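Spelled out from the first residue to the last, the chains are:
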Amino acid sequence: MSFENRHRLVYHADLGLFLVLAAPWVNAQLLTLIFSFGNAEVYQGNSALAINAFVGLMGVLGFGLSYLRLSIDDSRVVVARSALVKALAAMWLFYAYACGLSPLFLVLALMDAGALLLLLSSLRRR
């Protein structure tokens, strides 16, 4: 992968992450792990089922959009919109951390912020 196309690493990482979130049993295990470090009371009973279903649906949508993004030609518009999505995702993940849900949300927010920086650096070079 050339230096100019390194932002596509973010696209591939998103594809893998959303595949995990889209798989019902896998996403349940991941969410159990995430909430075990924080407010585990939120993730119990019917709430856990609703959260799993919502995260699974978001995983399917994210996977589909990530796959589509990989299959189209790159442009500044695609990279810029991907950067916007990463910024919004990082804010929501930081908000989840700030609400005390789990410190792992901070780790995820920082990972999205890092991906945002990579995308922005790619935009700067184009």
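Shown above is the structure to which this text applies.
Residues numbered from 1 in each chain as written. Predicted model: local features only at pLDDT ≥ 70, side-chain atom pairs only at ≥ 80, totals over all residues. Heavy atoms only, no water.

Caption draft 1: Spotlight on the packing of helix H1 (residues 8-22) against helix H3 (residues 45-71). Running from amino to carboxyl end, H1 crosses H3 at an angle of 150°, the nearest separation of the two axes being 7 Å. With respect to their mutual orientation, H1 and H3 come out roughly antiparallel. Our pair here, H1 against H3, has a crossing hand that is left-handed. Listed contacts from H3 to Arg 8, Val 10, Tyr 11, His 12, Asp 14, Leu 15, Phe 18, Leu 19, Leu 21 and Ala 22 of H1 are Val 55, Gly 56, Met 58, Gly 59, Val 60, Gly 62, Phe 63, Ser 66, Tyr 67, Arg 69 and Leu 70. Class assignment of the residues belonging to the contact of H1 with H3 gives a composition of 13 nonpolar, five polar and three charged. (Axes fitted to C-alpha atoms, helices over the stretch in contact; angles between N-to-C directions. Helix = DSSP H or I, 4+ residues; strand = E, 2+ residues; numbered from the N terminus. Parallel < 35°, antiparallel > 145°, perpendicular 65-115°, else oblique. Left-handed = near helix turned anticlockwise from the far one by under 90°. Contact = heavy atoms within 4.5 Å. Nonpolar A, V, L, I, M, F, W, Y, C, P; charged D, E, K, R; others polar.)

Caption draft 2: Highlighting the layout of surface pockets. In this model, the largest pocket occupies a volume close to 1600 Å³. Lining the largest pocket are 42 residues, with Leu 17, Phe 18, Leu 21, Ala 89 and Asp 112 sitting closest to its centre. Those elements giving two or more residues to the lining of the largest pocket turn out to be H1, helix H2 (24-36), H3, helix H4 (76-98) and helix H5 (104-125). Broken down by class, the residue content of the lining of the largest pocket amounts to 33 nonpolar, four polar and five charged. (1 Å grid on protein atoms, 1.4 Å probe; cavity = no way out; pocket = protein on both sides within 12 Å on 5 of 7 lines; lining within 4 Å. Points joined across faces, edges and corners; volume = space filled by probe spheres on them.)

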